[in-house]
Amino acid sequence: MKLLVTGGLGYIGSHTVKALYDHHHTAVIVDDLSNAKESVHHTLETLVNDTIPFYQADAKDIDAMRALFENYHFDGVLHFAGHKAVGESVSRPMMYYHNNLNSTLTLAQLCVEHRVSKFIFSSSATVYGDQPSPLHEGLELKKTTNPYGETKAISERMLTDIQRAHPSLSVALLRYFNPIGADESGLLGEDPQGIPNNLMPFITNVASQRIPQLNVYGDDYETPDGTGVRDYIHVSDLARGHVLALEKITEGVHIYNLGTGQGTSVFQMIEAFERVNQVSVPYRVVPRRPGDVAITYAAVEHARDQLGFQTEKSIDDMVKDSWRFTCNQKGTPSS
Ligand code: UD1
């Protein structure tokens, strides 16, 4: 299949482009470079040993996107482009609603106009709000805890309504749990601009001594060791989930969790990172971060039964690959 991949130079988008080529599909990448480096394009071409068309453009720019749809006759769209920093979404909600909703709407409109039948949407487990785990796809969605989460939930509802009105469309809503890790080549990975938001980029910054210590947000949760428990999934497993969704979905709206079903605490993650990589991650315990919940993990049966999706990588693989990428990027000695 020939796919349009928006946000294709970003963390999850770039790994998915590689997975697409591994499975004999081709991609046209759109990225506005607001949170990605252009050098990722060259890296991807080297990794897949092929040329990949790349356009620096905004996914909500309907004229620019229409020109691509007219030129390429896509079989599907994988829509990754979007703002994703939770804290920033609280201080700049208009920017989040404007960007994340208009891009989804623009691409859906062009899919309908150009009879492109497959739309794969990057959603997030954040749409479940603070419901108890395991989180399964049939749960009714409650209000999310921040505007970023709202843009994901509203995008899901928009795509569902659009599919209902245009039944030949096949839509996959992929709810990611916590993606970490990096391509095993060490050449693709997560390289956020500015101060990181999520746990793994913080850990790699502390391990490489760019930040003196990790703040552990609370050790008084009702979890085995008191720290927050999340369902971390290797980004390469996550990327493969997109290929399966693309290949398997038929007309309708299909919702899949992409997680492992296993919970890992912050302390367990620090322990694994230090043990596998033989590097120290100093930390201190600080008060809970507002909006955090104790435990989230996925119900994985639906994606397993319908898509044949099973994760292959362990937490040890995840911490090893995250650190390898960090060392390659920043010239940090890996031991
Ligand atoms: C966060 C977002 C979620 C988003 C997801 C993307 C919030 C409230 N939620 O989820 O909407 O979809 O990232 O991956 O921000 N932790 C520390 N110290 C740190 C950073 C994190 O102790 O410096 C802890 C957190 O308290 C949590 C765990 O590590 O228990 C994971 O945090 P994080 O990586 O930010 O992910 P989520 O909070 O699950």
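Residue numbering note: each chain is counted from 1, following its sequence as written. This being a predicted model, a pLDDT of at least 70 is required before a residue's local features are given, and a value of 80 or more before pairs of side-chain atoms are given or counted; all residues contribute to the totals for chains, interfaces and linings. Side-chain metrics in this entry use all non-hydrogen atoms of the structure; hydrogen atoms and water are not considered.

Now for the pairing of strand E2 (residues 26-31). Of all the 6 residues making up E2, 5 are buried; the element is thus mostly covered by neighbouring parts of the structure. Across 5 bridges, the pairing between strand E1 (residues 2-6) and E2 is parallel. For valine 5, the partnering residue across the bridge sits in E2 and is isoleucine 29. The parallel pair E1 and E2 is bridged by helix H1 (residues 11-22), and the resulting crossover is right-handed. Of the pairings in the sheet, the one linking E2 to strand E3 (residues 54-56) comprises 3 bridges and is parallel in character. Bridge pairing in E3 links aspartate 31 to glutamine 56. Here, the term right-handed applies to a crossover whose path from the first strand over the helix to the second runs clockwise when the strands point away from the viewer. Each helix is a run of DSSP H or I of at least 4 residues and each strand a run of E of at least 2, with the numbering of both proceeding from the N terminus. After leaving E2, the chain enters helix H2 (residues 39-48) and then returns to the sheet as E3, a path that is right-handed. Per-residue accessibility, obtained with a 1.4 Å probe over protein chains only, is compared with the maximum for each type, and a residue is labelled buried under 20%, exposed over 50%, and partly exposed between these values. In this scheme, strands are said to pair when DSSP sees at least two bridges between them.

Residue ranges assigned to each domain were obtained from an automatic or database domain assignment. In terms of domain boundaries, the protein chain breaks down into domain 1 (2-180 + 232-258) and domain 2 (199-230 + 262-330). Note on contacts: a residue pair qualifies if any of its non-hydrogen atoms lie within 4.5 Å across the two residues. Across the boundary between the two partners, domain 1 contributes 24 residues, which contact 28 residues of domain 2. As a working definition, buried area equals the accessible area (1.4 Å probe) given up by two parts on being put together, with both sides summed. If you sort the residues of domain 1 by the area they bury against domain 2, Ile180, Tyr232 and His234 come out on top, with a joint share of 31%. Should a side-chain nitrogen of Lys or Arg be within 4 Å of a carboxyl oxygen of Asp or Glu, the pair is scored as a salt bridge. Between glutamate 312 and arginine 240 there is a salt bridge, with its nearest N and O atoms 3.8 Å apart. Whenever two N or O atoms come within 3.5 Å, that pair is a polar contact, provided that in protein one can donate a hydrogen and the other can accept it, and provided that, for residues adjacent in sequence, both atoms are side-chain atoms. There are 10 residue pairs in polar contact (both at pLDDT 80 or more) connecting domain 1 and domain 2. For the side of domain 1 that touches domain 2, the secondary-structure elements that each account for two or more residues are strand E7 (178-180), strand E10 (232-234), helix H8 (235-248) and strand E11 (252-258).

This next bit is on the pattern of salt bridges. Inspection of every chain in the model, using the stated rule, returns 17 salt bridges. Between arginine 288 and aspartate 220 there is a salt bridge, with the nearest N and O atoms lying 3.0 Å from each other. Residue arginine 288 is found in the loop between strand E13 (283-286) and helix H10 (301-307), and its partner aspartate 220 is found in the loop between strand E8 (214-217) and strand E9 (229-230); the two are separated by 68 residues along the sequence. Each of Asp63, Arg66 and Glu113 takes part in one network of salt bridges that share partners.

Mapped onto the fold, lysine 118 is located in strand E5 (residues 118-124). Spatially, the C-alpha atom of lysine 118 lies 27 Å from that of tyrosine 232, the residues being 114 residues apart in sequence. Residues within four places of lysine 118 in sequence aside, it is in contact with Met1, Asp75, Gly76, Val77, Ser170, Leu246, Glu247 and Ile249. For lysine 118, the side chain forms a polar contact with the main-chain oxygen of leucine 246, separated by 3.0 Å. Within the structure, the side chain of lysine 118 is placed 3.2 Å from the backbone oxygen of isoleucine 249, a separation counted as a polar contact.

Moving on: the packing of aromatic side chains. For this analysis, a ring pair means two rings from Phe, Tyr or Trp (six-membered ring only for Trp) whose centres lie within 6.5 Å, classed as stacked if their planes differ by under 30 degrees, edge-to-face if by over 60, and tilted for the remaining angles. What the rule picks out here adds up to 6 aromatic pairs. Relative to phenylalanine 74, the ring of tyrosine 72 has its centre 5.6 Å away and its plane inclined at 20°; by these criteria the two rings are stacked. Of the two residues examined, tyrosine 72 and phenylalanine 74, each falls in the buried class. Taken together, a centroid distance of 5.4 Å and an interplanar angle of 45° make the contact between phenylalanine 267 and tyrosine 283 tilted. Highlighted residues: phenylalanine 267 in helix H9 (residues 266-277) and tyrosine 283 in strand E13, separated in sequence by 16 residues. Classification of phenylalanine 267 by relative accessible area gives partly exposed; the value is 22%. For tyrosine 283, a relative accessible area of 40% puts it in the partly exposed group.

In this section: the site of the ligand. Residues in contact with the ligand amount to 19 residues; listed here are only the nearest, Leu199, Asn215, Arg230, Arg289 and Asp292. One of the side-chain N or O atoms of threonine 126 is found 3.2 Å from an oxygen atom in the ligand. With respect to the ligand, the backbone of tyrosine 217 contributes an N or O atom lying 2.9 Å from an oxygen atom. About the coverage of the ligand: the protein hides 88% of its 730 Å² of free accessible area. Only helix H7 (199-207) and E8 provide two or more residues apiece to the shell around the ligand. No other element matches E8, which puts 4 residues into the shell around the ligand. Any residue with a heavy atom positioned within 4 Å of a molecule or strand is treated as near that molecule or strand. Working definition of accessibility: Shrake-Rupley area with a 1.4 Å probe, residue cover restricted to the visible protein chains.

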